[in-house]
Amino acid sequence: MDKIKTFPKKQLPNKAQRHKLFGSVEPGPKTKPSEKSKMADLQNTRKDFLFDLDAVGIANVKHPISVKSNLIPATQTSIGTFQFSSSIEKASKGTNMSRFTEQLTLYHETGFTADIKTLKEFTKELADRLKQKDAKLTVSFPWFFERRGPQSGLAGMNHADASITVSYDQLKGYNVTASLSALITTLCPCSKEISEYSAHNQRGNVSMEIKLTDDFDEEKADWKESLLEAAESNASARIHPVLKRPDEKMVTEQAYENPRFVEDMVRLVAADLYEMPFAEKFKVTCRNEESIHMHDAIASVTYDKTNDNTL
Ligand SMILES: Nc1nc2c(ncn2[C@@H]2O[C@H](COP(=O)(O)OP(=O)(O)OP(=O)(O)O)[C@@H](O)[C@H]2O)c(=O)[nH]1
């Protein structure tokens, strides 16, 4: 066996000496209290600080969450990116920021599932913990779901980007919006119509945001599955992780049989959301990464069923 090489061992200063060499200094004299009850509490100073603030809190908080679904897998761990806030009055200097992550940790310790019921409880409890009249939570996460080849039945994992925003107000109650962005295939109707053969086609991204009705019952419907189906079922074709040649033939011909402009996509998805009982208001956006341009094609529609006057 080869002799293990030993590098010339230059004797380095020890770690404490290295820190000193790079500027660390000894602790100075301690004159201020370190006992919490005796410490200054600037955040809770009450004066006229000129403006009420709409939102004060923390953002870009990454944390593991559990996600339930009607699709496979029924439960998964994902990475939630959170934003938490509440309003504060002008008489208050600041919020108590440690309480946001304090509560997130408490929920995590009992298995934090990002479902609507739990997130509503969390947001109300947060307002109470902050002693504020309102609180708002947004959590965004990748949601994975099994997708099988249309002919081979070979399974793989696709994902869509999901997001839930819960606003709680002591007087107004809850406002919950759910969003999903899903990838699809679109094939251009004009390109198909004018060409002797072929048609340009590309990946499209359909983003849907819905305001959930107050009576939405997630025991009866998985909003993620419903929005995914609204995007994919109206596309030229669905996207798959595993496609054998028989699968590829099917999705290629299906795309050609179902040409869609971006305008067609948002209108067709809007029709499905219009018929979705728990979607009170919605916005649909489609962005196509056009395969014949350096730019994207976009379209969007916003609709409020409570002002049902445009149909
Ligand atoms: N309001 C506010 N807090 C900040 C800011 N920057 C840092 N902090 C936070 O102040 C926190 C400590 O304040 P509090 O959460 O009120 O801590 P505390 O008073 O010991 O805790 P409570 O007893 O729950 O009020 C730290 O976690 C910091 O993150 C800021 O710009 N505004």
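Keep in mind it's a predicted model, so treat the numbers as computed, not measured.

*Asks:* I would appreciate a short explanation of the site of the ligand in the present structure.
*Replies:* Lining the immediate environment of the ligand, one finds K36, D41, Q43, G94, T95, N96, M97, S98 and R99. Between the ligand and T95, the relevant distance is 2.9 Å, taken from a nitrogen atom to a main-chain nitrogen or oxygen of the residue. At a separation of 2.6 Å, an oxygen atom of the ligand approaches a polar side-chain atom of S98. Summarising the interface, the protein chains cover 53% of the accessible area of the ligand, which totals 650 Å² for the free molecule. Grouping the amino acids of the shell around the ligand by side-chain chemistry returns one nonpolar, five polar and three charged.

*Asks:* What exactly am I supposed to notice about the pattern of salt bridges here?
*Replies:* If charged atoms from side chains of opposite charge come close, those side chains can pair. Throughout the structure, instances matching the rule amount to 16 salt bridges. For R129, the salt bridge is made with E125, and the minimal N-O distance between the two is 3.7 Å. A residue pair is termed a helical-turn pair when its members lie 3 or 4 positions apart in one helix, as R129 and E125 do in helix 3 (residues 116–130) at four residues. A salt bridge links K249 to E253; its shortest N-O distance comes to 2.4 Å. With K249 and E253 both in helix 6 (residues 245–257), this residue pair falls four residues apart, about one helical turn. In this structure E253 comes out as partly exposed when scored by relative accessible area, which is 36%. Beyond isolated ion pairs, a larger network of salt bridges with shared partners links R147, E229, E232 and R238.

*Asks:* I tried to follow the nonpolar core on my own but got confused; where do I start?
*Replies:* The nonpolar side chains of soluble globular proteins are, as a tendency, buried together. Ranked by size, the top nonpolar core spans 59 residues in total, and within it F84, M208, W223 and L273 carry the most contacts. Ignoring anything within four residues of it in the chain, the contact list for M208 reads A178, S179, L180, L227, A230, A231, V269, L273, K283 and V284. Counting five residues, the second largest nonpolar core, distinct from the first, contains A199, A237, V251 and A255.

Reading guide: rules and limits
- The numbers attached to residues start from 1 for each chain and follow its sequence in the written order.
- Two thresholds apply to this predicted model, a pLDDT of at least 70 for residue-level local features and 80 or more for giving and counting side-chain atom pairs, whereas whole-chain, interface and lining totals are computed over all residues.
- Hydrogens and water are ignored here; the side-chain numbers use all heavy atoms of the structure.
- Proximity is defined per residue: any heavy atom of the residue falling within 4 Å of a molecule or strand makes that residue near it.
- Polar contacts, as used here, are pairs of N or O atoms within 3.5 Å; protein pairs need one atom able to donate a hydrogen and one able to accept it. Residues neighboring in sequence count only if both atoms are side-chain atoms.
- We get accessible surface area from the Shrake-Rupley algorithm with a probe of 1.4 Å; when it comes to residues, only the shown protein chains can shield them.
- In the scheme used here, Gly and all other residues not listed as nonpolar or charged are polar, with Ala, Val, Leu, Ile, Met, Phe, Trp, Tyr, Cys and Pro taken as nonpolar and Asp, Glu, Lys and Arg as charged.
- Should a side-chain nitrogen of Lys or Arg be within 4 Å of a carboxyl oxygen of Asp or Glu, the pair is scored as a salt bridge.
- Runs of E in the DSSP output that reach at least two residues are strands. Runs of H or I that reach at least four are helices, and both are numbered from the N terminus.
- Classification of residues uses two cut-offs on accessible area relative to the type maximum, computed with a 1.4 Å probe and protein chains only: under 20% is buried, over 50% is exposed, and between them is partly exposed.
- Note on terminology: a nonpolar core comprises buried Ala, Val, Leu, Ile, Met, Phe, Trp, Tyr and Cys residues joined through side-chain atoms within 4.5 Å.
- Should any heavy atoms of two residues lie within 4.5 Å, those residues are considered in contact.

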